[in-house]
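Residue strings, one per chain:
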Amino acid sequence: MTRHILFSALLTVLAALPQLAAAQSAEALDFHARFEERCFSCHGHAGPFVRDHLQIDDTGAIVTENGQSVDALLDRHAGGLNETEKPLFLSVFRKQIETGGLFRDKCIICHDRAYELARLKLILRDGQVMGRYSDRDIGTFLLNHGRLTPEEAELMTDVFFALLQGRR
Ligand code: HEC
Ligand code: HEC
């Protein structure tokens, strides 16, 4: 009986996984297209730009190196972002800052920079992050690799997605 309950709980979790991954990808995809159109020409790829220039302050706000609010800056900078774009950008920026630290803490001892790992080992197939040679679904793989929580694994998969999407 217990076993049966556990088994059906497991199936439910497994069934939800591809949907989670798809939702994440849609956000990353949308963000990426807009960043490329509006910001790329001056700032290059979003990941390195965000990790080099932005941080999260003590109050949890995203700020520049000078402590200027990015939320306020995005209202007017480079023509400004509208009310659907701004929350999307801030949400992806936050993930990029958080996973930058996460990668340094938990992955860099065994792997090179996230960008290098993505470039050498990973590939996008039908909008999913996959191992280029291993053919693994990376979203699922990271649930049991590198001591990540499920939320962290999702963030990390999103970042790999954005890095791969940005390749030219
Ligand atoms: C025409 C070039 C140009 C475009 C396009 C542009 N930026 Fe900028 N951006 C700059 C310059 C130059 C700076 C640094 C000077 C300053 O502080 O204003 C800057 C600064 C920033 C900063 C603050 C970084 C820091 O360290 O102070 C953020 C955040 C930023 N841009 C985000 C964006 C986003 C998001 C977009 C797209 C919606 C964008 N920028 C489009 C030129 C541009
Ligand atoms: C203790 C060393 C170690 C740590 C820490 C580690 N990894 Fe790994 N990782 C490996 C090894 C070894 C492999 C290759 C395993 C295999 O192919 O079976 C691997 C494989 C991978 C792959 C799949 C590559 C492919 O070709 O399928 C990804 C993605 C990955 N790691 C990401 C991460 C991330 C993200 C972190 C941090 C949260 C992390 N790893 C932490 C050792 C590590």
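Since the structure is predicted, the reported quantities are computational estimates derived from the model, not experimental observations. (Residues numbered from 1 in each chain as written. Chains lettered and ligands numbered in written order. Predicted model: local features only at pLDDT ≥ 70, side-chain atom pairs only at ≥ 80, totals over all residues. Heavy atoms only, no water.)

Draft legend 1. A look at the overall build of the protein. Along its length, the protein carries eight helices and four strands. Reading the secondary structure of the protein in the N-to-C direction produces α-α-α-β-β-α-α-α-β-β-α-α. Expressed as a percentage of its 168 residues, the buried residues of the protein come to 38%. Excluding contacts between residues fewer than 6 apart, the proportion of contacts in the protein whose partners are at least 24 apart in sequence is 55%. (Helix = DSSP H or I, 4+ residues; strand = E, 2+ residues; numbered from the N terminus. Buried < 20%, exposed > 50% of the residue type's maximum accessible area, 1.4 Å probe, protein only. Contact = heavy atoms within 4.5 Å.)

Draft legend 2. Looking closely at the coordination of the iron atom of ligand 2. Every protein donor of the iron atom of ligand 2 is listed here as His111 (NE2) and His145 (NE2), and their distances to the metal cover 2.0 Å. Every donor counted, the six donor atoms about the iron atom of ligand 2 form angles of 88 to 179° at the centre, which fits octahedral coordination. A residue pair is termed long-range when its members are at least 10 positions apart, and His111 in the loop between helix H5 (85-106) and helix H6 (114-121) and His145 in the loop between helix H7 (138-141) and helix H8 (150-165) qualify at 34 residues. (Donors = N, O, S within 2.8 Å, 3.2 Å for Na, K, Ca; no water. Tetrahedral: all angles 85-135°; square planar, octahedral: opposite > 155°, others 65-115°.)

Draft legend 3. Region of the structure containing the coordination of the iron atom of ligand 1. Within the protein, His43 (NE2) and His77 (NE2) serve as the donor atoms for the iron atom of ligand 1, at 1.9 to 2.0 Å. Angles of 88 to 179° at the metal separate the six donor atoms of the iron atom of ligand 1, which places the site in the octahedral class. Of this pair, His43 sits in helix H2 (residues 40-43) while His77 sits in the loop between helix H4 (70-76) and H5, placing them 34 residues apart in sequence.

Draft legend 4. Molecular detail of the environment of Leu163. Residue position: Leu163 is located in helix H8. Each C-alpha atom, one on Leu163 and one on Gly47, is 7.1 Å from the other, the two residues being 116 residues apart in sequence. With residues near it in sequence (within four places) discarded, Leu163 still touches Arg51, Ala114, Tyr115 and Ala118.

Draft legend 5. Spatial organisation of the packing of H5 against H8. H8 packs onto H5 with a crossing angle of 105° between their chain directions and a minimal axis gap of 10 Å. Considering their axes alone, H5 and H8 lie roughly perpendicular with respect to each other. Seen from H5, the contacting residues are Lys95, Glu98, Thr99, Leu102, Phe103 and Lys106; seen from H8, they are Glu152, Leu155, Met156, Asp158, Val159 and Phe160. Across the contact of H5 with H8, the residue classes break down as six nonpolar, one polar and five charged. (Axes fitted to C-alpha atoms, helices over the stretch in contact; angles between N-to-C directions. Parallel < 35°, antiparallel > 145°, perpendicular 65-115°, else oblique. Nonpolar A, V, L, I, M, F, W, Y, C, P; charged D, E, K, R; others polar.)

Draft legend 6. Molecular detail of the site of ligand 1. Close to ligand 1 lie 16 residues, the nearest being Arg38, Cys39, Cys42, His43 and His77. His53 is positioned with one of its side-chain polar atoms (N or O) 3.4 Å from an oxygen atom of ligand 1. For ligand 1, a nitrogen atom lies 2.8 Å from a polar atom in the side chain of His77. At the level of elements, H2, helix H3 (46-53), H4 and H5 are the ones that each hand at least two residues to the shell around ligand 1. The residue makeup of the shell around ligand 1, split by class, is 10 nonpolar, four polar and two charged. (Near = heavy atom within 4 Å. Polar contact = N/O pair within 3.5 Å; in protein donor to acceptor, adjacent residues only side chain to side chain.)

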